[in-house]
Amino acid sequence: MANQFLVKETLAAMQGISAIEITALQNGTYEGVELLGYYEKGDTPAPIKYYLAAATPGPGADDGGSLIVVSGIGLIHEFCDRVDVSYFGAIGGVVDCLERINRAIVYAQNNNVKIVEVSQDVLLSLPASYYGPGILMKSHVYLELNATIAIRTNNNDRYAIILFSEVVDSGVFGRGRITGDNATHIETSSEWGHGINIVDGCSDISIQDITIENCCGDGICIGGAETADGGSINISVEHVIVDNNGRQGITVTKGSNISISKSRISNTGVIKGKFPMDGIDIEPNKNNSVLNVNIYDNTFLNNVGHDFESNCMRTNTMIENVNFYNNTIQVTKQKSATVSALIKVNAERLKDDMITKNISIKNNQLVYEFDGVPQITAFIYCYGSAKVIDISSNTFKTNLDITSIKLDTVFDVVVGSNFSWRSFHFVLCQTEVQGLTVHANTVDTLMHAMVSAGNSSKIKVYSNTINKQIGTSVMAYNYSNCSDLFIYNNNSTNLSMGFFSNSGMLSNCIIKGNVINNFNTSGKTNGPCIYVTGVSASANIVVEDNTILQTANALSIGIRASLSLSETYIKNNMLIGQFAQRVSNEVGAAVKVLDQNIILEANNTVPGLVKKSAAVGGSASPLPNAVTDSVADTLPKIVTDLNTLIGKYNELRILTSEVRGSLNAKLVADRASGQQA
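Residues numbered from 1 in each chain as written. Predicted model: local features only at pLDDT ≥ 70, side-chain atom pairs only at ≥ 80, totals over all residues. Heavy atoms only, no water.

Things to note about the confidence of the model for the protein chain
Parts of the model with low pLDDT should not have their predicted coordinates read in detail.
Thinking step 1. Of all residues in the protein chain, 82% attain a pLDDT of 70 or more, and the chain-wide mean is 85.
Thinking step 2. Confidence over residues 601-635 falls short of pLDDT 50; this stretch has 49 contacts with residues more than four positions distant or in other chains. (pLDDT = per-residue confidence, 0-100. Contact = heavy atoms within 4.5 Å.)

Focus: the layout of surface pockets
Thinking step 1. By volume, the largest pocket amounts to about 430 Å³.
Thinking step 2. In this structure, the largest pocket is lined by 20 residues; those nearest its centre are Arg158, Trp192, Cys221, Thr253 and Asn285.
Thinking step 3. Mapped by element, the contributors of at least two residues to the lining of the largest pocket are β15 (192-198) and β18 (218-222).
Thinking step 4. Here the lining of the largest pocket is built from residues that sort into six nonpolar, seven polar and seven charged. (1 Å grid on protein atoms, 1.4 Å probe; cavity = no way out; pocket = protein on both sides within 12 Å on 5 of 7 lines; lining within 4 Å. Points joined across faces, edges and corners; volume = space filled by probe spheres on them. Helix = DSSP H or I, 4+ residues; strand = E, 2+ residues; numbered from the N terminus. Nonpolar A, V, L, I, M, F, W, Y, C, P; charged D, E, K, R; others polar.)

Description of the environment of Ile541
Thinking step 1. Relative to the elements of secondary structure, Ile541 occurs in strand β51 (residues 539-544).
Thinking step 2. The exposure class assigned to Ile541 is buried, which follows from its relative accessible area of 0%.
Thinking step 3. Along the primary structure Ile541 and Ile510 are separated by 31 residues, whereas in three dimensions their C-alpha atoms are 5.9 Å apart. (Buried < 20%, exposed > 50% of the residue type's maximum accessible area, 1.4 Å probe, protein only.)

Observations concerning the pattern of salt bridges
It is possible for side chains bearing opposite charge to pair when their charged atoms get close.
Thinking step 1. Using the criterion set out here, one finds 22 salt bridges in the structure.
Thinking step 2. Among the salt bridges present, the one from Glu99 reaches Arg103, with a minimum N-O distance of 2.7 Å. Pair noted here: Glu99 and Arg103 are both in helix α3 (residues 97-110), with a separation of four residues, about one helical turn.
Thinking step 3. On the accessibility criterion, Glu99 (41% relative accessible area) is partly exposed.
Thinking step 4. Taking the shortest distance from any N to any O, the salt bridge between Lys571 and Glu544 comes out at 3.9 Å. Of this pair, Lys571 sits in strand β54 (residues 566-571) while Glu544 sits in strand β51, placing them 27 residues apart in sequence. (Salt bridge = Lys/Arg side-chain N within 4 Å of Asp/Glu carboxyl O.)

Digging into the nonpolar core
Thinking step 1. The biggest cluster of nonpolar side chains holds 144 residues, and the ones touching the most others in it are Leu124 and Phe164.
Thinking step 2. Take this core: its biggest share by element is seven residues, from α3.
Thinking step 3. Residue contacts for Leu124: discarding those within four places in its chain leaves Cys97, Leu98, Ile101, Ile135, Ile149, Ala150, Ile151, Arg152 and Ile161. (Core = buried A, V, L, I, M, F, W, Y, C linked by side-chain atoms within 4.5 Å.)

What about empty space enclosed by the protein?
Thinking step 1. Going through the model one piece at a time under the given rule, you end up with one cavity of 30 Å³ or more.
Thinking step 2. If you list the elements that add at least two residues to the lining of the largest cavity, you get β41 (442-454) and β44 (474-480).

Comments concerning the side chain of Asn311
Thinking step 1. Here Asn311 shows up in strand β27 (residues 308-312).
Thinking step 2. Here the side chain of Asn311 touches Glu309 through a polar contact of 2.9 Å, side chain to side chain.
Thinking step 3. At 3.3 Å, the side chain of Asn311 forms a polar contact with the side chain of Asn346.
Thinking step 4. Residues contacting Asn311, with those up to four places away along its chain left out, are Asp281, Ile282, Glu283, Pro284, Ile319 and Asn346. (Polar contact = N/O pair within 3.5 Å; in protein donor to acceptor, adjacent residues only side chain to side chain.)

Observations regarding unusual backbone geometry
Thinking step 1. Going from Thr56 to Pro57, the amide bond is cis rather than trans, its omega being 10°.
Thinking step 2. Here the residue pair Phe275 and Pro276 is connected by a cis peptide bond, since its omega of 15° sits within 30 degrees of zero.
Thinking step 3. Counting through the fold element by element, Pro276 comes out in the loop between β23 (264-266) and β24 (278-282).
Thinking step 4. The phi angle at Lys458 is positive, at roughly 55°, despite the residue not being glycine.
Thinking step 5. Structurally, the position occupied by Lys458 is in strand β42 (residues 457-462).
Thinking step 6. For Lys458, a relative accessible area of 54% gives the class exposed.

Examining a nonpolar patch on the surface
Thinking step 1. On the surface, Leu652, Leu655, Val659 and Leu663 cluster together to form a nonpolar patch covering roughly 380 Å² of accessible area.
Thinking step 2. Mapped onto the fold, Leu663 is located in helix α4 (residues 631-673). (Patch = residues over 30% accessible without salt bridge, like charges linked within 9 Å, V, L, I, M, F, W, Y side chains within 5 Å. Areas by Shrake-Rupley, 256 points an atom, 1.4 Å probe, with all protein chains shown as cover.)

Overview of the side chain of Ser457
Thinking step 1. Examined against the element boundaries, Ser457 turns out to sit in strand β42.
Thinking step 2. Of the residues examined, Ser457 reaches a relative accessible area of 15% and is grouped as buried.
Thinking step 3. Aside from chain neighbours lying at most four places away, what touches Ser457 is Val433, Gln434, Gly435, Ser483 and Asp484.

Structural notes on α3
Thinking step 1. Between the first and last C-alpha of α3 there are 20 Å, a value that for 14 residues agrees with the 20 Å anticipated at 1.5 Å per step.
Thinking step 2. Every buried residue of α3 is listed here: Cys97, Leu98, Arg100, Ile101, Asn102, Ala104, Ile105, Tyr107 and Ala108.
Thinking step 3. The inward-facing, buried residues of α3 abut β6 (82-84), β7 (115-118), β8 (122-124) and β9 (135-136). (Expected span 1.5 Å × (residues − 1).)

Notes on helix α2 (residues 19-26)
Thinking step 1. All buried positions along α2 are accounted for by Glu21, Ile22, Ala24 and Leu25. Buried positions in α2, seen along its axis, are confined to an arc of 160° and lie on one side of it. When the buried face of α2 is taken as reference, the exposed residues oriented beyond 90 degrees from it are Ala19 and Ile20.
Thinking step 2. Just beyond α2, the residue with positive phi is Gly28, at close to 85°. (Arc of directions from axis to C-beta.)

Here we look at the sheet that holds strand β1 (residues 4-8)
Thinking step 1. The strand order across the open sheet built from five strands is β1-β2-β3-β5-β4, with neighbouring strands paired in mixed fashion. Of all the strands in the sheet, the pair left with one neighbour each is β1 and β4 (67-70). Put simply, the sheet's adjacent strands are angled 30° from each other on average, direction ignored.
Thinking step 2. One ladder, built from five bridges, connects β1 with strand β2 (residues 30-35); its direction is parallel. For Phe5, the partnering residue across the bridge sits in β2 and is Gly32.
Thinking step 3. Helix-sheet contacts for α2 involve β1, β2, β3 (48-52), β4 and β5 (73-76), and the interaxial angle to β2 is about 125°. (Pairing = 2+ DSSP bridges. Axes fitted to C-alpha atoms, helices over the stretch in contact; angles between N-to-C directions.)

A closer look at the pairing of β15
Thinking step 1. Counting buried residues in β15 gives six out of seven residues, a clear majority hidden from the surface.
Thinking step 2. In this sheet, β15 lies alongside strand β12 (residues 158-164) in parallel orientation, the contact comprising six bridges. From the neighbouring strand, Ile162 faces β15, where its bridge partner is Ile196.
Thinking step 3. Summarising the sheet, β15 and β18 pair through three bridges and their orientation is parallel. In the strand pairing of β18, Ile198 is matched with Ile222.

Laid out in structure tokens, this is it:
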């Protein structure tokens, strides 16, 4: 019988080995014991073979998997690259699956086994202690989850199904699921029951490909103690589904160099939700910092709270260098009444020890469409002294009247190259916005204002396009006390007004080079194309080089300035069409209206005449060169000539590009042949 194995169908049978069989093992009659299953034959992935352990220095402690101690002898199996937890008895609904999984992980760490696998569904009973929780990960060990880890209903105030604490080079991956007890959790106020918790002292941790669902707290929480040190670094979450968790999909309270990508975060707060019910929330606790976070290529679907929130509201906290890009947010259901936007970025207002800065929100698709009155007021809301924010190349789509971007007490914001299918305001500056650039954006349908600002300064609005209006729309709107406001080279079609300032002080404002095309607003009575009014302190306002095209049926004023304004100039503008009134200098306004303003009217009976409003002193001046055609004939020709010039310009750009390409190709060829150094 030499080289033969003693066969046992279950661990219990192996533990009941007889004295005769032990002697046969000791004298070499049997090479070892072949175990066919743990609780019953075939319940492990494959049979495994145990060998007699050396008698000296003794077998050690029975761990229920790699070492079985029977009648003073040790039967040992050495796992190589991986170990399945079923070999340690973690199978099905066994009460002590948790303990047996942890034994397998400890064995793997002590014996340089890289992977611990869960290949069968298991059920865990969690202890009540938060830091003596479920599965305890160890350094240099990865959990391959290809089945479901579920927990029994409990009344714990806190729990973590899987905990990483002071662990390096570790993670969880596979096709499996981590399932909490949110729907049945007994302690109704609990909001700290997490699927995976990564706390202080961790580095190089990866969570990949798994599903985390139904936890009463967060699907994943990355954080630690309320101290400035100890934060985890190099944390990666990729290809993960985080669904139906109670408080948050993913929370980050502390750490740096964190990546969350290619994942789906959905239905947070739908079942027994706990505020704030966000998809992803960066919310440092007292004395914590969150630095260098990349969130990209994710899908957010029907989270009750904000889909993404960066929230710095506690003492001595910082959020810095966060990039949220290439994500899709899809909302077809109502949000919580506490939610202001799909994306929120904020810090405590004007607090030096609560800092949010360098936030980038780029290339995202944001869709909010459903039947009903929305709870939210904006797609993106930034407020409370957040600094250096880049909101660029995003697409906003809605069937509701909500604002695309709302700003309040923020500094140095860029809004560039975004596209909005529909906006109430495209950018609303509620108060104290300092340093805002809005450029190269396109709004397909505008309800109210491209940029609406109050009590704000250093605002540039340029090279934007507005295609049509569905309300009383305006390119830029100052509703109270703005300074250093520059509006130039914008283009609008079917817009009621170009610029409107109706209250408060306006100073150092330039409105230049804009095209306000209202030729297609059939049947609509428009407001003023440019309307400036203010208090006596308003000053330094220039309206120049704008082109205003108006329909014959419109009753709007071309350019109008009222009340007391100083150092205000209206010059070099072109007004095409018929206007109820062209340039108005009302009583008390110190406005200089210069002869260079050109007014062409479709029903003008005096060819070639530059007309000025009757309210403006000074004689009319003739157009340069002789004009023999009526303006009614000249106007279409001007439009045609402008289109021709645009076409020629585009042809020249294409030709220039082709020539540049040819020259570059020749330079490369010459260098390859040695003719060019």
